[in-house]
Amino acid sequence: MKRIGLLTSGGDCQALNATMRGVVKGLSTAIDELEVYGFDDGYRGLIYSKYRMLTSKDFSGILTQGGTILGTSRQPFKLMRVPDEKGLDKVGAMKQTYYKLCLDCLVILGGNGTQKTANLLREEGLNVIHLPKTIDNDIWGTDMTFGFQSAVNVATDAIDCIHTTAASHGRVFIVEVMGHKVGSLTLHAGVAGGADIILIPEIPYDIDKVVEAINRRSKAGKRFTILAVAEGAISKEDAKLPKKEYKAKLAERAKKYPSVSYKIAHQIEKKTGNEVRITVPGHTQRGGSPCAYDRVLSTRIGAGAAECILEEKYGVMVGIVNGKIQTIPLEECAGKLKMVSPKDQLVKAAKQIGISFGD
Ligand code: F6P
């Protein structure tokens, strides 16, 4: 007999349901008695004891379904130790729900912040397993997160569509890709979509180098230029600022421009006289059905989690390393961010074929 709790926390992505399906099918195939409790809207459900009992029927037909059947919410890690507006001790409340339901384990699907709270619950003595979801692929300790490849496909499709219209009008186009701190999604979609310039947070840009790249293309007779710009792209100048000053600058920028792309567009227009248009695929990158790669990865990660539960191996993240499903202790990976190295082979290859990073 196993009694497990499931929750999805933080920003959603395409393969959350596929992963939960993997966990539950992996367990129900191996054991006769299984109770599954699904918590509503992430940690909120665990804190306020909002849950429902799920059966195997709930996990049928959801392999291809985007979003999450449980709902999700953002519950910042830094506020977990802070009582709620009514003075409720959130950590204490989560433990109470866990013990009330006599759970063997909590399976927690989420990104970096979610993982930090999962680790906190581990430290508090709960049995937890974390499964790495995020379109950002920025979780340290796993080569891949589910959701990433699906988002790469969506962002790539956006760049593909922009190609035809950019060519017709002879314009400069910016496609703004999700990723405030990490540029993996922009890098991959930029390369897959054939962007000419890729700007990511890990490689601060010099606007004059960006302009040089655009002018170089014009001189070579190219009618258009496409930039893939991460939400968190940062100039060389801003990258030198202390964190606090940079935050203040961002607040100032927000009064004038909705995002970094609008500022870059304005600078390019001023310096080149080119017309610039901006496309922001936004949350479409997290929406829709998971791609085939993610369905396979989620199934493997879900089955890996089921195996951990059967072996009573807790306090881990189930990830993929060098093509193999592996467990990584939460105490080792929680709180670490996986960023793109400027020396990454993909960055090198992109530069080799003439893509500019504005550096
Ligand atoms: O962490 C996933 C992510 O989609 C980021 O890429 C993006 O910057 C952020 O979430 C957007 O968050 P929200 O959905 O809360 O606006």
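Above this note sits the structure.
Positions within a chain are numbered from 1, following the residues in the order the chain's sequence is written. Only residues with pLDDT of at least 70 get local features here, since the model is predicted, and only at 80 or more are side-chain atom pairs given and counted; chain-wide, interface and lining totals rely on the full set of residues. Water and hydrogen atoms play no part in the side-chain values, which are based on all heavy atoms of the structure.

Observations concerning the site of the ligand
To keep things clear, this is the line we draw: We call a residue near a given molecule or strand whenever any one of its heavy atoms falls within 4 Å of it. N or O atoms closer than or at 3.5 Å make up a polar contact, with two conditions inside protein: a donor-capable atom paired with an acceptor-capable one, and, for residues adjacent in sequence, both atoms drawn from side chains. As a working rule, the residues Ala, Val, Leu, Ile, Met, Phe, Trp, Tyr, Cys and Pro are called nonpolar, Asp, Glu, Lys and Arg charged, and the rest polar, with Gly in that last group. Each domain's limits were defined by an automated method or a database of domain assignments.
Near the ligand, the surroundings consist of R74, I135, D136, M178, G179, H180, E231, H283 and R286. Here R74 contributes a side-chain N or O atom positioned 2.8 Å from an oxygen atom of the ligand. Across the shell around the ligand, the residue classes break down as 2 nonpolar, 3 polar and 4 charged. Two domains each donate at least three residues to the shell around the ligand, and these are domain 1 (2–147 + 290–333) and domain 2 (149–286).

Some thoughts on the packing of aromatic side chains
Rules: When the centres of two rings from Phe, Tyr and Trp lie within 6.5 Å, Trp using its six-membered ring, the rings pair. Their planes under 30 degrees apart give stacked, over 60 give edge-to-face, and anything left gives tilted. Secondary structure elements are taken from DSSP: a helix is a run of H or I of four residues or more, a strand is a run of E of two residues or more, and numbering for both begins at the N terminus. Here the term buried applies to any residue with accessible area under 20% of the maximum for its type, exposed to any over 50%, and partly exposed to those in between, with areas from a 1.4 Å probe on protein chains only. For a ring to carry a charge above it, either NZ of a lysine or CZ of an arginine must fall within 6 Å of the ring centroid while also lying within 35 degrees of the normal to the ring plane.
In the structure shown here, the tally under the stated rule is 3 aromatic pairs. Plain terms: the ring middles of F39 and Y51 are 5.9 Å apart, the flat faces sit at 70° to each other, and that makes the pair edge-to-face. Of the two residues, F39 is situated in strand β2 (residues 34–39) and Y51 in strand β3 (residues 51–54); the sequence distance between them amounts to 12 residues. Since its relative accessible area comes to 0%, F39 is described here as buried. When the ring of Y98 is compared with that of Y99, the centres are 5.3 Å apart and the planes differ by 90°; the resulting orientation is edge-to-face. In this structure an aromatic cluster arises from ring pairing among Y37, F39 and Y51. Above the plane of the ring of F224 lies R217, whose end atom (NZ or CZ) is 5.3 Å from the centre. The lysine or arginine in question, K336, covers the ring of W140, its NZ or CZ lying 4.0 Å from the ring centre.

A look at unusual backbone geometry
Backbone geometry places S49, a non-glycine residue, at a positive phi of 55°. Despite not being glycine, N322 has its phi angle at roughly 50°, a positive value. Tracing the chain through its elements places N322 in the loop between β10 (316–321) and β11 (324–329).

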